[in-house]
Structures are given as structure tokens and as C-alpha cells.
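# Summary of the model geometry
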Amino acid sequence: MNQIVPGAGSGPGNSAASRDIAHFLHPYTNLTKHRETGPLIIERGKGVFVYDDSGKEYIEGLAGLWCASFGFGEEALIDAAIQQLRRLPYYHTFASKSHHPGIDLAEKLKAIAPVEMSKVFFANSGSEANDTAVKLIWYYQNAMGRPKKKKILGRIKGYHGVTVASASLTGLPNNHREWDLPLPGFIHADCPHYYRFGAPGETEEQFTQRLAESLEKQILAEGPDTVAAMFAEPVMGAGGVLVPPNGYFQAIQKVLKKYDVLLVADEVICGFGRTGNMWGSQTFGLAPDILTCAKALSSAYLPISAVMITEDVYQGLCKNSDKIGTFAHGYTYSAHPVPAAVAVKTLELMESRRIVDHVREVAPQFRKRLRSFADHPLVGEARGVGLIGAIELVADKASKRAFDAKHGVGTYLVNRAQEHGLVLRAMVDAVGFCPPLIISPQEIDALFDRYAKALDETETWVRSGNLRAAA
Ligand SMILES: Cc1ncc(COP(=O)(O)O)c(C=O)c1O
């Protein structure tokens, strides 16, 4: 990590780090601390590795932000972008305009969708895709003559983005605190994390049943004629990589069906092979009415996201657009031809290189290495599916007591890992793993070997500071 003396570097006040501090407002960063620590400047990448401006190598243990599925420097994707830039660097898709990359991508996404879908809408980020889905639901409910049926359910610890509606959907305190969110009409159901929220003596099946009953009570308390839809990530990512308990989606979908509540699968992280199937919906049995995806859709090489809708939802949209004279929604960059071309190539590569098969082949080793930390004194739970996982650190294994947040134990571990050449992300005290899908068996070993050193150093630090003492 760089220790910044503003003004130090290549010239007075002129180092890249100093300029960063002077000019750059960083997302999801402690803004005050950043002025002291400065940035980690990543200069280039190759395969699962990235390199900082001093040449130091890191394994990207989170594929950037859960997204660079083909790693860094995939020439076929770079070529697809360059060719499209030369042919048609930009065109829009308003007022019936179209282009081949947009058409090809919509067709390809429908062909691989986990349930039969009718149409695909494009946006630029996961947040925009989810915001769009909220608006489509409201528009659809109005078209169906149900103007009161507008409330949207998210889940505690769910993550759906940061725009006003998607942050309202998100169920994490920091996305609401001091932001005056959530907006009215956004409500949150229970978090399906058995390790944390299972009652003493409760089996996983009983926990699932309790959550389904609780969802039903919540819908009844709100009034079923006011609840429009529920958004759910198949595996909750930013909430701490929370894998749902057995039968969870089957149980809650029964409740949603009963009260005519639409299901939106947020596949922004789980989509495109991450859980060992093309979609998390396939791994966990979701049959969504709307599906949102982004990130690995283009292996993150260029920003693009998509919203897939069923024929029923599409018919509702048609009805309103006919009444009003237009479907007044869309972005300047909806289906931008360059990211769309990169996404088409990404999907072709997924098929020709059998990426989903590769994930299935290496997932047992990933799981074995991940679970091997379960006995470590710091580890409460080591969980995961496919090539996504997390290790939750606890102060007390028996009682599952978390560390006092002020110690920043997860952050300490992530900083130690960075020293050892591994980039990870702490979600409070759960440390996430989500490497590029192309990772080899040797690289999986290297990733966990580096992690093991950081974990042991964190244990030494915790002991020396007596950080297990209850607050
Ligand atoms: C499940 C999920 N949905 C939505 C988003 C928001 O995507 P973006 O950051 O592209 O707006 C994220 C981002 O991490 C996500 O993990």
C-alpha cells in the first residue's frame, strides 16, 4: 500500500497518487482515510493477475468487482471492441433504430435464458438494469389496471446497486444511512443466511419454512394488492456471499405465486457461469418474470447490462406504450454497439471454451481449499458454490459472536492479503472470493496459499491486541 506524502513523487504535488487525492472522488472508499493512504494504482493485467505501478503482481481474487470473468487481456474481446469501433462506434436504439450487435445480443440472451423470455432491454450497469426493472413493474401494473400494486420487496443484506431505486432495494444499512433511503414503498424480507439467522436447534429445512411463512405474513400485513414484485439474487453477493438454504427459492416462490407477486432474479453476479450453471436461477431453481444481468455479460471489458422480460410483462408494456404513444424509457447508451459487440463475443467464448464446464471442473478444488479454513480459530463459516465463496471471521466460534466492528478485522486481513499479492474484498468481516472464471487449478492453489498467510497474520494481530474481548 502506498503511504502518501502529498507533494511527494515525481514532482511537487505531482505524483499520480497526489493527483488522485487532489482530484478523484472514489466510490465505496473511506474518503478521509484515502487522503492519508492514497490509491493502489493498477496499471495492467494479464489472465487472473493485475500489476500495480511499481510492477507488483496480484491475483485478482474478486475478478475486479465480481465481473472480469475472462480475466485481464483477453485478445478476442479486445479485437471485438476494436472492430466494432471501426465499423460503427456509436448509434442509439430509440425510435426503432437498431444495429447488428444489439440484435445479435438480444437473440443470444434469449436463447440461453433460464426460462422462456420474450424481449431484452439494455442499460449500462447493474443499478440501471434494476432501476429499469422497478419502472417496468410499475408501468406493467398500471397497464394491468392495478395502480395500487406497486410495493417492491428486497431482502435484508440483498445488494441491487446504488441508484435511488436500486439502493432502496438494497438491504444494507450503509446504502440507506444518511442517504434518506429507502424510498417509500420499498420493503425488505428476511435474509436467508442459515448460519447467522437460523434459530438454535432449527434445521435448515425448518429455517426455510419459517422464512417462507414470514414472507407470507409480511405480504398479508402490507396487503397483497399492494405488493408488486420481489427482487432476489440467487446467491447474495455484496451482503457476504450468502448461499440460500435447501429449498429456499421453491418455498418462497410458492408464496409469491399465491399473491401474484412478480419475481425478479438479479443475476448481476451469478449470471454467466459463476455458480456452475449459466445462471444462478438454474442452480437454485428460480423461475423469474424478469431477469437482470450485467458484469460478466461483457466480462466487464465495457459497461453493459440487460433486463429480460417474459411475454406477459411485454404485453403489459405494449398496452401502455400504445395508450401513451411511446415507451418513454431508455438511455443514450442502451445497447451501445461497442459493449454489445464485446458481450456477443463474450457469450461466444463462453460456449467455444466451455467455460461453464471449466467452472464445474475446478469448483470442487475451490470448495475444498475454501472449506479447509473452517477449523481455523478465526473462521466462523466457509461457504460457497461454483467459483464464488466467502469466509466469515468471528471472535468466538462457538457462539458465532462477531468482532467489534471498530477493529476492522476483515479490512486488516484484506490489507495483509494485498501485501502477499492477492486482492480480496471484505464485506464487514466476511471476506469474498470470486476469481476470474478462467482460473487454473494451480492459480486456485496460489490464491488460497496467499490467503492462508494473511489469515495467520490476522490471528497473530487479533491475539496481540486482545481483540476477541467482548465489547
Ligand atoms: C447483485 C448485484 N446487483 C446489482 C449490482 C449493481 O451493479 P452496478 O455496480 O453495475 O450498478 C451489483 C454490483 O455489485 C450486484 O452485485
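Let us look at the structure shown here. (Residues numbered from 1 in each chain as written. Predicted model: local features only at pLDDT ≥ 70, side-chain atom pairs only at ≥ 80, totals over all residues. Heavy atoms only, no water.)

### Remarks on the state of the cysteines
The term disulfide refers to a covalent linkage connecting the sulfur atoms of a pair of cysteines. Under the counting rule described, the total for this entry stands at 0 disulfides. C67 carries a free sulfur, and the closest cysteine sulfur to it, the one in C434, is 8.4 Å from it. (Disulfide = S-S within 2.5 Å.)

### Re the packing of helix α6 (residues 126-143) against helix α12 (residues 311-324)
Close contact between α6 and α12 brings their axes to 8 Å; oriented N to C, the two are set at 75°. When the axes of α6 and α12 are compared, the pair comes out roughly perpendicular. Each of L136, Y139, Y140, N142 and A143 in α6 lies in contact with α12, whose residues at this interface are D312, V313, G316, L317, K319, N320, S321 and I324. Here the residues of the contact of α6 with α12 are counted per class, giving 7 nonpolar, 4 polar and 2 charged. (Axes fitted to C-alpha atoms, helices over the stretch in contact; angles between N-to-C directions. Helix = DSSP H or I, 4+ residues; strand = E, 2+ residues; numbered from the N terminus. Parallel < 35°, antiparallel > 145°, perpendicular 65-115°, else oblique. Contact = heavy atoms within 4.5 Å. Nonpolar A, V, L, I, M, F, W, Y, C, P; charged D, E, K, R; others polar.)

### Quick look at helix α16 (residues 441-464)
Over its 24 residues, α16 extends 35 Å from the first C-alpha to the last, a length consistent with the 34 Å expected when each residue adds 1.5 Å. For α16, the complete set of buried residues consists of I444, L447, F448, R450, Y451, A454, L455, T458, E459 and V462. Within two residues after α16, N466 carries a phi angle of roughly 50°, on the positive side. (Expected span 1.5 Å × (residues − 1). Buried < 20%, exposed > 50% of the residue type's maximum accessible area, 1.4 Å probe, protein only.)

### Concerning the sheet that holds strand β4 (residues 119-123)
Read across the sheet, 7 strands follow the order β4-β10-β9-β8-β7-β5-β6 without closing on themselves; strand pairing throughout is mixed. At either end of the open sheet lies a strand with only one pairing partner, and these are β4 and β6 (186-189). The sheet shows a mean angle of 20° between the axes of neighbouring strands, direction not considered. As paired strands, β4 and strand β10 (residues 305-309) are joined by 5 bridges and run antiparallel to one another. Opposite F121, over in β10, you have V307 as the bridge partner. With respect to the sheet, helix α10 (residues 248-258) is in contact with β5 (151-155), β7 (227-232) and β8 (262-266), its orientation differing from that of β7 by roughly 170°. (Pairing = 2+ DSSP bridges.)

### A closer look at unusual backbone geometry
Backbone torsion omega between L181 and P182 reads 5°, so that peptide bond is classified as cis. If you check the backbone angles, K400 has positive phi at about 65° while not being a glycine. Of note, K400 is situated in the loop between β12 (388-393) and α15 (409-419). The partly exposed category is assigned to K400, whose relative accessible area is 30%.

### A few points about the pairing of strand β15 (residues 430-433)
Residues A430 and G432 point to one face of β15 and V431 and F433 to the other, with burial holding for every one of them. For β12 and β15, the ladder comprises 4 bridges, and the chain directions are antiparallel. Of the residues in β15, the one forming a bridge with A390 is G432. In this sheet, β15 lies alongside strand β14 (residues 425-427) in antiparallel orientation, the contact comprising 3 bridges. Bridging across to β15, R425 finds its partner in G432. Counting the residues that bridge the hairpin from β14 to β15 gives 2 residues, and of these V428 lies at a positive phi of roughly 55°.

### Re the nonpolar core
Membership of the largest hydrophobic core comes to 66 residues, with the highest contact counts inside it found for L105, L109, F272 and Y451. Take this core: its biggest share by element is 8 residues, from helix α13 (residues 337-352). Contacts of L109, omitting those with residues within four sequence positions, involve V120, F122, F272, W279, L297, A306, M308 and L347. (Core = buried A, V, L, I, M, F, W, Y, C linked by side-chain atoms within 4.5 Å.)

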